[in-house]
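If you want the building blocks of each chain, they are given just below.
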Amino acid sequence: MQIRRDRSNLHFGGQARRGVSRLNLILLLVVVAGAGLVIWQFDAIQGQVALMFGEPPIPTQSAPTQARQGYTAYLNGNLDAAVAAYAEAVRLDPENVDYLYEYGHALLLLNRGEEGLAVAERVITADRTDPRGPTLKVGALYQLDRLDEAISVGLAALELGENFAPLYAALVWPYADIGRWNQALDMGEQAVALDPNLMDAYRAYAYALTWVGAREQAVQALEAAIALQPALDFLYFEVAEKYRALDNVQAAIAAYERVLAIKPANTRAMLRLCETYFNLREDVRAEEYCRQALDIDATYADAWRQIGLVYYMQSRYQDAVNAFERCVANGADSIYCYYVRGLAYYYLHRCDLAVPLLQESLERTQSDRILGFIREGLRLCQSPVEEPTATPPPEGEG
């Protein structure tokens, strides 16, 4: 006997499908709600995960990448950034002489001789046959005023690198400073001949040329250095000094303006323009540049000194006194911030304040010219019935 089942009312399959759909919907809602909670509480959850597993490691750039960044910073004239990047490259690869040399070179360009000497010794220790170590050492010893030692190290190193232009360039400076100008010129010429694309060679050669009074040739050498490394601001200050010595004031002004073109916030260039225009008796322009410098750095003592001189020339004696006080308060020891302040007090009819400053100034200078102004100010304060006479102002410091 066969039992026939009527399956028409059996709906197991249909019920299962509807049950799965309901389950999927519930799971979807749970997932969406969970995702919303994660997004809403992301910071808190992230903190808990960090506590459980520790902070994720910060990616470290490789030594070659840091060295490239250092070189780029150098080309852009940012020597502080160059030093920082090269220091990191050296930390990551401490035996790499290439990185050490570039690091030491950047330090010396910032006149950080003590640190440069330490790097030089590391290069020498790494490879005593490499002329780059002694080259750095010559530069560092020069900056530390150990001139004879610098020359001795350099001459010994010439046997290691007879054709290494930076070594010849480094020797120019100590030779010139001890008065051996022919040797300095010879080293400079050799450096330029060996590497016509070396900024340091032209800069050193210009230094030697200046010592023998060949200022026009020195200007040419510095302009060649600038053409090779146009973002290094110190080159413009050096060439400007040469232009001023040649009484080419407009060329000096142009050099300072070139600094501001590449570094608009360079307060030193602003100060130099303030001083230059002051000496041209263009007081309005002088005040403008000094004020710009002080707007950027209100602690810039030399700018307070110079703007004080501008005010003094404009007979703005109280403003001059205030500026000179800011000059001293910010650590300057300039004689101008003392004796010209005393003269300004005289014109404000405050000899009680002028005389102590002028007497103190007598002990601060040996300049006959300045001593003459000081004594005149004291004489006027001792003759109150005498009509004030115009005391010639000093020139600005360069």
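Residues numbered from 1 in each chain as written. Predicted model: local features only at pLDDT ≥ 70, side-chain atom pairs only at ≥ 80, totals over all residues. Heavy atoms only, no water.

1. Observations concerning unusual backbone geometry
Despite not being glycine, Asn 111 has its phi angle at roughly 60°, a positive value. With respect to the helices and strands, Asn 111 occurs in the loop between α5 (97-109) and α6 (113-126). (Helix = DSSP H or I, 4+ residues; strand = E, 2+ residues; numbered from the N terminus.)

2. A look at the pattern of salt bridges
This structure, assessed with the given rule, holds 18 salt bridges. Note that Arg 305 and Glu 275 form a salt bridge whose closest N and O atoms lie 3.2 Å from each other. One end of the pair, Arg 305, is in helix α17 (residues 301-313); the other, Glu 275, is in helix α15 (residues 267-279), with 30 residues separating them in the sequence. Exposure class is identical for Arg 305 and Glu 275. Each is buried. Within this structure, Arg 272, Glu 275, Asp 302 and Arg 305 form a network of salt bridges that share partners. (Salt bridge = Lys/Arg side-chain N within 4 Å of Asp/Glu carboxyl O. Buried < 20%, exposed > 50% of the residue type's maximum accessible area, 1.4 Å probe, protein only.)

3. Regarding the packing of helix α4 (residues 79-92) against α5
As a packed pair, α4 and α5 sit with axes 9 Å apart at the nearest point and diverge in direction by 150°. Classified by the interaxial angle, the pair formed by α4 and α5 is roughly antiparallel. Handedness of the crossing formed by α4 with α5: left-handed. In contact with Leu 79, Val 83, Tyr 86, Ala 87, Ala 89 and Val 90 of α4, α5 contributes Tyr 99, Leu 100, Glu 102, Tyr 103, Ala 106, Leu 107 and Leu 109. Of the residues assigned to the contact of α4 with α5, the class counts are twelve nonpolar, no polar and one charged. (Axes fitted to C-alpha atoms, helices over the stretch in contact; angles between N-to-C directions. Parallel < 35°, antiparallel > 145°, perpendicular 65-115°, else oblique. Left-handed = near helix turned anticlockwise from the far one by under 90°. Contact = heavy atoms within 4.5 Å. Nonpolar A, V, L, I, M, F, W, Y, C, P; charged D, E, K, R; others polar.)

4. Side note on helix α3 (residues 63-75)
Here α3 contains 13 residues, and its C-alpha end-to-end distance of 18 Å stays within 8% of the 18 Å for a straight helix at 1.5 Å per residue. Listing the buried residues of α3 in full gives Ala 63, Gln 66, Ala 67, Gly 70, Ala 73 and Tyr 74. Burial along α3 is one-sided: seen end-on, the buried residues are contained in an arc of 120°. The inward-facing, buried residues of α3 contact α4, α5 and α11 (199-211). (Expected span 1.5 Å × (residues − 1). Arc of directions from axis to C-beta.)

5. Focus: helix α13 (residues 233-245)
Between its terminal C-alpha atoms α13 stretches 19 Å, which fits the 18 Å expected from 13 residues at 1.5 Å a residue. Counting buried positions over the 13 residues of α13 gives ten, a clear majority of the element. Asp 233, Phe 234, Leu 235, Tyr 236, Phe 237, Glu 238, Val 239, Ala 240, Lys 242 and Tyr 243 are the residues of α13 that are buried. Tucked into the core, α13 has its buried residues touching α4, α5, α11, α12 (215-228), α14 (249-262) and α15. Two residues or fewer after α13 comes Asp 247, characterised by a positive phi angle close to 60°.

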